[in-house]
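# Working through the structure, step by step
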Amino acid sequence: QVQPVQSGGGLVQPGGSLRLSCEASGSNFSFNSMGWYRQVPGKQRELVAGLTRNGDTTYADSVKGRFTISRDNAKSTVYLQMDSLKSEDTAVYYCAFYSRSGADYWGQGTQVTVSS
């Protein structure tokens, strides 16, 4: 059974960087796509960055040029490199994997707080 396990996150000052990782434990990493989402209290979860199996990427306008999604197939891991962080990036971040059969698998979520 696929069980995504997230790591990274924490507290960082504005302008700083963080890298989130998400390992798709129990999978062969042959997903149709994968992505990172974030959610703040009282708001809907939003897509931050997506990556297809063909290598196509998509980013929310608010993070373009600052965040980068990537993957390491050998480690069954997807990453989110976050640079030039702003206070408005504060949220709980989730990774997700989408199989070719339509199933989706979600990480446990990790808090990112950008504050001085």
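The rules we used
- Residues numbered from 1 in each chain as written.
- Predicted model: local features only at pLDDT ≥ 70, side-chain atom pairs only at ≥ 80, totals over all residues.
- Heavy atoms only, no water.
- Helix = DSSP H or I, 4+ residues; strand = E, 2+ residues; numbered from the N terminus.
- Contact = heavy atoms within 4.5 Å.
- Polar contact = N/O pair within 3.5 Å; in protein donor to acceptor, adjacent residues only side chain to side chain.
- Buried < 20%, exposed > 50% of the residue type's maximum accessible area, 1.4 Å probe, protein only.
- Phe/Tyr/Trp six-rings, centres within 6.5 Å; stacked < 30°, edge-to-face > 60°.
- Lys NZ or Arg CZ within 6 Å of the ring centre and 35° of its normal.
- Disulfide = S-S within 2.5 Å.
- Pairing = 2+ DSSP bridges.
- Axes fitted to C-alpha atoms, helices over the stretch in contact; angles between N-to-C directions.

### Looking at the environment of Ser25
Summarising the element assignment, Ser25 is placed in strand E3 (residues 18-25). In the structure, Ser25 is positioned 77 residues away from Gly102 in sequence and 18 Å away in space, judged by C-alpha atoms. Contact partners of Ser25, with chain neighbours within four places excluded, come to Gln1, Val2 and Gln3.

### Notes on the environment of Gln81
Relative to the helices and strands, Gln81 resides in strand E8 (residues 77-82). C-alpha separation for the pair Gln81 and Ser70, spaced 11 residues apart in sequence, amounts to 8.1 Å. In this structure, Gln81 is in contact with Ser17, Leu18, Arg19, Arg66, Phe67 and Thr68, ignoring residues within four places of it in sequence. Reaching out from Gln81, the side chain makes a polar contact with the side chain of Asp83 at a distance of 2.9 Å.

### Description of unusual backbone geometry
Trans peptide bonds make up most of the peptide bonds, and negative phi angles are found at most residues other than glycine. With a phi angle near 50°, Ser76 is a residue other than glycine that sits in the positive phi range. Looking at where Ser76 falls in the secondary structure, it is placed in the loop between strand E7 (67-72) and E8. For Ser76, a relative accessible area of 14% puts it in the buried group. One non-glycine residue, Ser84, lies in positive phi territory at about 50°. Considering the arrangement of structural elements, one finds Ser84 in the loop between E8 and strand E9 (91-98).

### What to know about the packing of aromatic side chains
The way to describe two aromatic rings as a pair is by their centre distance and the angle between their planes. Enumeration over the complete set of coordinates arrives at five aromatic pairs. Aromatic ring contacts, followed pair by pair, group Phe29, Phe31, Phe97 and Tyr105 into a single cluster. Taking the ring centre of Tyr94 as reference, the NZ or CZ of Arg45 above it sits at 3.8 Å. If you follow Arg45 out to its NZ or CZ, it ends over the ring of Trp106, 4.9 Å from the centre.

### Notes on the state of the cysteines
A complete count under the given rule lists one disulfide for this structure. The residue that forms a disulfide with Cys22 is Cys95, at a sulfur-sulfur distance of 1.9 Å. On the sign convention where negative means left-handed, the S-S torsion of about 40° between Cys22 and Cys95 marks this disulfide as right-handed. Taken together, the residues Cys22 in strand E3 and Cys95 in strand E9 connect sequence positions 73 residues apart. By the burial criterion, Cys22 is buried, and Cys95 matches it.

### A word on the sheet that holds E7
Within the open sheet, the four strands sit side by side as E1-E3-E8-E7. Their pairing is antiparallel. What marks the edges here is a single partner per strand, and that holds for strand E1 (3-7) and E7. Averaged over all pairs of adjacent strands, the angle between their axes in this sheet comes to 15°, without regard to strand direction.

Any link to function would need more than the numbers given here.
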